[in-house]
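Next come the chains, spelled out residue by residue.
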Amino acid sequence: MPSTRIVRRIRHDADGLFALVADVENYPEFIDLISALRITKKLSDTEFEAEAIVAYKMIRETFKSHVTIDPSTMKISVKKAEKGGAVKSLLNEWKFHPIEDGSTVVDVVVDVRLKAMPLEFLLREKFAKAAVHIMNLFETRAGRTLPHIGEKLYDSGPELKRLGLKAEGLV
């Protein structure tokens, strides 16, 4: 099962980054791998199901997910919807940790298995690179829409340790 974890300090406030990631319907505007995305069922103010069309070269697949947004813990969780489309299993979790200089440590875990084995093998080979690409796209979007906070060379090592995250895990 392809999985990866990305830990990154981003020079924007946690609330703004949380809102950016929670606004899933705007993903096609800045994530080149997503050609369409829509909320298909609103379950509550903090839970919904969504359908995304992911396109890469000649491959085009539909993925259905269940999204839980928890502002109190600054966590967004995504799992496979009951009828998940091309997804056999999915766990995607975003955690936003405000740090002392006002910037944010973002901790993202993605673990996915696809129903189609050829796609699964293709995904395994490029999974970590694609995850970093998507994180870069989120950071670029944040840079265009949110004010920069904190010093570029801020040493977040002690705060990463306090959060139980490893500095060498920063991507």
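Look up a bit, the structure's there.
Attention in this report is confined to the structure presented alongside it.

Definitions and limits used
Residues numbered from 1 in each chain as written. Predicted model: local features only at pLDDT ≥ 70, side-chain atom pairs only at ≥ 80, totals over all residues. Heavy atoms only, no water. Helix = DSSP H or I, 4+ residues; strand = E, 2+ residues; numbered from the N terminus. Buried < 20%, exposed > 50% of the residue type's maximum accessible area, 1.4 Å probe, protein only. Contact = heavy atoms within 4.5 Å. Core = buried A, V, L, I, M, F, W, Y, C linked by side-chain atoms within 4.5 Å. Pairing = 2+ DSSP bridges.

**Quick word on the overall build of the protein**
Right, on to step 1. Looking only at helices and strands, the protein features three helices and seven strands.
Right, on to step 2. Ordered by position from N to C terminus, the α and β elements of the protein give β-α-β-β-β-β-β-β-α-α.
Right, on to step 3. Scored against the burial criterion, the 171 residues of the protein give a buried share of 42%.
Right, on to step 4. Counted over contacts in the protein with a minimum sequence separation of 6, partners at least 24 positions apart contribute 53%.

**Here we look at the side chain of S65**
Right, on to step 1. With respect to the helices and strands, S65 occurs in strand 4 (residues 59-70).
Right, on to step 2. According to the relative accessible area criterion, S65 is buried, its value standing at 13%.
Right, on to step 3. Setting aside chain neighbours within four positions, we find S65 in contact with F48, E49, A50, V78, K79, K80, A81 and L90.

**Some thoughts on unusual backbone geometry**
Right, on to step 1. Despite not being glycine, M74 shows a phi value in the positive range, around 55 degrees.
Right, on to step 2. Inspection of the secondary structure puts M74 in the loop between strand 4 and strand 5 (75-85).

**Digging into the nonpolar core**
Right, on to step 1. In terms of nonpolar packing, the biggest core is built from 38 residues, with Y27, I31, I76, W94, F96, V106 and F138 touching the most fellow members.
Right, on to step 2. Among all residues touching F96, those that are not within four sequence positions of it are A14, L17, F18, V21, M74, I76, T104, V105 and V106.
Right, on to step 3. Core analysis: the second largest hydrophobic core is formed by five residues, I99, V105, L160 and L165 among them.

**Structural notes on the pairing of strand 7 (residues 104-114)**
Right, on to step 1. In terms of burial, strand 7 is a largely internal element, eight of the 11 residues being buried.
Right, on to step 2. Note: strand 1 (residues 3-10) against strand 7, eight bridges, orientation antiparallel. Residue pairing across strands places R5 opposite V109, the latter belonging to strand 7.

**Focus on the environment of K166**
Right, on to step 1. Structurally, K166 can be placed in the segment after helix 3 (157-162).
Right, on to step 2. Linking K166 and V7, residues 159 residues apart in sequence, is a C-alpha distance of 8.5 Å.

Any link to function would need more than the numbers given here.
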